[in-house]
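Structural overview
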Amino acid sequence: MDDGLAREGVLARCNEHREETLTDQECANARRAAATLALEAERARAPQLEQESEAKLLAMRNREGRQAGAEQDAATPAFGAPLGTVMPSMTAASFDVYAEGADPLGRRTLEVAAAEPPSNEVVIPAPRLEMTDLAAVPRPFRDDINRQ
């Protein structure tokens, strides 16, 4: 693992005759050492790669946000601005009617005169019931129950 030149030389020889060197102990050790060193190098680079990836993602999100904001600003008209093309009838003079508070269609308005609130002195008389009024109520099913 420590001698890079020797390791690369053994790997070059082993890779030339791969079938013949599958069981060679020196080739197996050189391959294992190369894999271990590659793994260590990858682990050492992982934090740097993570930071670069986060920076790229943040830049991409910011760019997409700016583009979406620009598209929305371009598509959204200002308050009071007509949508689409301006028709000849939409001149400044025709909008003056709304500014005066008059009805542009000439409809009549309902004016309510000053009205007085209703009196709170409302008296509701209690109904009077007589016993004779209750006796006259027909009870058709009561007679049938007593007969059985």
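Everything numeric in this text was worked out from a predicted model, so none of it was measured.

Chain-level pLDDT for the chain is 77 on average; 66% of the residues reach the 70-or-more range. Mean pLDDT across the elements of the chain bottoms out in helix H3 (residues 92-100) (54) and peaks in helix H1 (residues 4-16) (90).

With that settled, the discussion passes to H1. A rise of 1.5 Å per residue sets the reference length of H1, with its 13 residues, at 18 Å; its end C-alpha atoms lie 18 Å apart and thus fit the reference within 8%. Listed in full, the buried residues belonging to H1 are Arg7, Val10, Leu11 and Cys14. With its buried residues spanning 100° around the axis, H1 presents them on a single face. Counted as exposed and oriented over 90 degrees from the buried face of H1: Leu5 and Glu16.

Moving on: the nonpolar core. In this structure, Val10, Leu11, Cys14, Cys27 and Ala30 together form the largest nonpolar core, which totals 5 residues. Breaking this core down by element, the ones donating at least two residues are H1 and helix H2 (25-75). Filtering out sequence-adjacent residues up to four positions away, Leu11 remains in contact with Ala30, Arg31 and Ala34.

Parameters and conventions
- Residues numbered from 1 in each chain as written.
- Predicted model: local features only at pLDDT ≥ 70, side-chain atom pairs only at ≥ 80, totals over all residues.
- Heavy atoms only, no water.
- pLDDT = per-residue confidence, 0-100.
- Helix = DSSP H or I, 4+ residues; strand = E, 2+ residues; numbered from the N terminus.
- Expected span 1.5 Å × (residues − 1).
- Buried < 20%, exposed > 50% of the residue type's maximum accessible area, 1.4 Å probe, protein only.
- Arc of directions from axis to C-beta.
- Core = buried A, V, L, I, M, F, W, Y, C linked by side-chain atoms within 4.5 Å.
- Contact = heavy atoms within 4.5 Å.

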